[in-house]
Each structure stands twice: as structure tokens, then as C-alpha cells.
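Spelled out, the chains give:
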Amino acid sequence: MLEPLRQGLPPLDPSTVSNAASCALPARYEAVREARQFSRRTLGQWDIDDRFDDVCLVVSELVTNALRHALPTDAAHAPAHEPLVRLHLMRWTERLVCAVRDPSRECPVAYDAEEFSEDFSAESGRGLFLVDSFSDSWGWHPLSGTLSGKVVWALFGLHSAE
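Conventions used here
- Here the residue numbering is sequential within each chain, running from 1 through the sequence in written order.
- pLDDT decides what is reported in this predicted model: residues at 70 or higher carry local features, side-chain atom pairs at 80 or more are listed and counted, and totals for whole chains, interfaces and linings draw on all residues regardless.
- Excluded from the side-chain calculations are hydrogens and water; all other atoms, namely the structure's heavy atoms, are used.
- Secondary structure counts use DSSP, requiring at least four H or I residues in a row for a helix and at least two E residues in a row for a strand, with both numbered from the N terminus.
- Here, residues are in contact when the closest pair of their heavy atoms is within 4.5 Å.
- For every accessible area listed, the method is Shrake-Rupley and the probe measures 1.4 Å; residues are considered covered only by the protein chains on display.
- Buried means the residue's accessible area, taken with a 1.4 Å probe over protein chains only, is under 20% of the maximum for its type, while exposed means over 50%, and partly exposed covers the values in between.
- Angles run from 0 to 180 degrees between N-to-C directions of axes, and those axes are lines fitted to C-alpha atoms, restricted for helices to the stretch in contact.
- Angle categories are assigned with fixed cut-offs, so that under 35 degrees is roughly parallel, over 145 is roughly antiparallel, 65 to 115 is roughly perpendicular, and the rest are oblique.
- Handedness of each helix crossing follows the sense of rotation of the near helix against the far helix: counterclockwise by less than a right angle gives left-handed, clockwise gives right-handed.
- The classification used treats Ala, Val, Leu, Ile, Met, Phe, Trp, Tyr, Cys and Pro as nonpolar, Asp, Glu, Lys and Arg as charged, and all other residues, Gly among them, as polar.
- For this document, the term salt bridge refers to a Lys or Arg side-chain nitrogen within 4 Å of an Asp or Glu carboxyl oxygen.
- Pairs of N or O atoms within 3.5 Å make up the polar contacts considered here, provided that, within protein, one atom can donate a hydrogen while the other can accept it, and that residues adjacent in sequence are counted only when both atoms are side-chain atoms.
- Side-chain rings of Phe, Tyr and Trp (the six-membered ring for Trp) are treated as a pair once their centres are within 6.5 Å; stacked means planes under 30 degrees apart, edge-to-face means over 60, and tilted covers the remaining angles.
- Any Lys NZ or Arg CZ found within 6 Å of a ring centre and within 35 degrees of that ring's normal is scored as a charge over the ring.
- Paired strands, in this sense, are two strands between which DSSP finds at least two bridges.
- As a per-residue measure, pLDDT reflects the predictor's confidence and takes values from 0 up to 100.

Quick look at the overall build of the protein chain
And then number 1: Per the secondary structure count, the protein chain includes four helices and five strands.
And then number 2: Secondary structure elements of the protein chain occur, N-terminal to C-terminal, as β-α-α-β-β-α-α-β-β.
And then number 3: In the protein chain, 67% of the contacts between residues at least 6 apart in sequence involve partners at least 24 apart.
And then number 4: For the protein chain, the exposed area adds up to about 9400 Å²; of that, 49% sits on carbon and sulfur atoms.

Structural data, given as C-alpha cells:
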């Protein structure tokens, strides 16, 4: 069952992060392409571009969901110095986390595969199903403190070089 849970990241010690990168994304759909390009460059620099296909698909879905469902109606007029959507990539020795921050506190809604069986031609609604299928786990949590909104994340296991 794909019921999204209000959950935080699995236990990951922040002091053991070996790499981290982040980029602000504009409030327009071209940001999905920019997020993929940023991910490709970053994974290449970290020498884990063998995971790019899965990561790219998940990043595309998470950013698309943020742009489609989490932005206020006047987002196109938001100040450029305050990005509404931000992509974070964090790498540990054996894990990679892709996290997308957006201004909405609304729970992401995932549909399960049975809901797709009635309409295979539907152009939307499969995003979190794909995130669940291509990542090892995913979740979300609301932000607190001075940041408002939420973070939706996906975790990928990395194969250690032997």
C-alpha cells in the first residue's frame, strides 16, 4: 500500500555526510529540466552517475509535484531571492538522499497501482508511485522553525566500491 506517512528520514548521522549539494529552482516547469541537469552534474562529480537514471526519474517527479501542487497561485511573482522550491542531494557512503523543499504543509498524496488500472492513459497521478518504485524508500516531513512548508525525500542505497 502506498499510503504516505508523515515520517522523517531514516536515521542518518549528519556528521557522516560525505557530500551535499543544493540548488534553488524557479517556480516554472523548466525547473524540472534544471533539476535533472543539476543532479547529473552532481552525481557525476560524486562518481555515482550509475544511479542517475533512477535518481533523475525521482527528482523529476518530486520537483514536478512541488511545482504542480505546492506553490501558491502567485508563485510566479515571488521574489527571486526567496526560492520556493529547493532540491537537496546528500550523499553518505552507502546512501543518497534526494530531498525537495516546497512551501506547502499539505501531505503528498500517493495513489496505489489499483487506481491506475482503470485509466492507463491518465497523464498525472503516478508521481509518488514512481518515486516509491524507483527509490528504496521515501517520505516527507513538515518544516519547523523559521522555514515553513515541507520536505519530500527519497532514499537510494549505493553500492560500495570493492
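On we go from here.
Side note on unusual backbone geometry
And then number 1: Look at Asp-47: it is not a glycine, yet its phi comes out positive at around 60 degrees.
And then number 2: Following the sequence through the fold, Asp-47 ends up in the loop between helix 1 (30–45) and helix 2 (52–69).
And then number 3: Judged by relative accessible area, Asp-47 falls into the exposed class, the value being 63%.

Focus: the packing of helix 2 against helix 4 (residues 127–134)
And then number 1: Closest axis-to-axis distance for the helix 2/helix 4 pair is 9 Å, and the angle between their directions is 150 degrees. When the interaxial angle is binned, helix 2 and helix 4 end up roughly antiparallel. Note on packing geometry: the crossing formed by helix 2 with helix 4 is left-handed. Along the contact surface, helix 2 presents Asp-54, Leu-57, Val-58, Glu-61, Leu-62 and Asn-65, while helix 4 presents Gly-127, Leu-128, Leu-130, Val-131 and Phe-134.
And then number 2: Residue classes in the contact of helix 2 with helix 4 are distributed as seven nonpolar, two polar and two charged.

Let's talk about the pattern of salt bridges
And then number 1: Counted under the stated rule, the structure contains four salt bridges.
And then number 2: With its nearest N and O atoms 3.4 Å apart, the salt bridge here joins Asp-54 to Arg-51.
And then number 3: For Asp-54, a relative accessible area of 25% corresponds to the partly exposed category.
And then number 4: Salt bridges linked by common partners bring Arg-28, Glu-30 and Glu-34 together as one network.

A closer look at the side chain of Ser-135
And then number 1: Position of Ser-135 among the secondary structure elements: in the loop between helix 4 and strand 4 (137–142).
And then number 2: Among the polar contacts listed, one links the side chain of Ser-135 to the backbone oxygen of Val-131, at a separation of 2.6 Å.
And then number 3: Polar side-chain contacts of Ser-135 include one of 3.2 Å to the backbone oxygen of Ser-137.

Details of the packing of aromatic side chains
And then number 1: In total, this model carries zero aromatic pairs according to the counting rule given.
And then number 2: Between the NZ or CZ atom of Arg-40 and the centre of the ring of Phe-52, over which it lies, the distance is 3.9 Å.

A word on the pairing of strand 5 (residues 150–157)
And then number 1: For strand 5, a buried count of seven out of eight residues is recorded, marking the element as mostly surrounded by other parts of the structure.
And then number 2: Sheet analysis places strand 3 (residues 95–102) next to strand 5, joined by eight bridges and oriented antiparallel. Paired with Arg-101 across the strands is Val-151, a residue of strand 5.
And then number 3: Pairing of strand 4 with strand 5, which is carried by six bridges, proceeds in the antiparallel orientation. Bridge pairing in strand 5 links Pro-142 to Lys-150.

Looking at the confidence of the model for the protein chain
And then number 1: Taken over all residues, the pLDDT of the protein chain has a mean of 81, while the share at 70 or more is 73%.
And then number 2: Here helix 3 (residues 113–116) stands out as the least confident element of the protein chain, with mean pLDDT 54; helix 1 is the most confident, with 96.
And then number 3: Contacts of residues 1–6 to residues separated by more than four positions or lying in other chains number 14 contacts, the stretch itself having pLDDT below 50.

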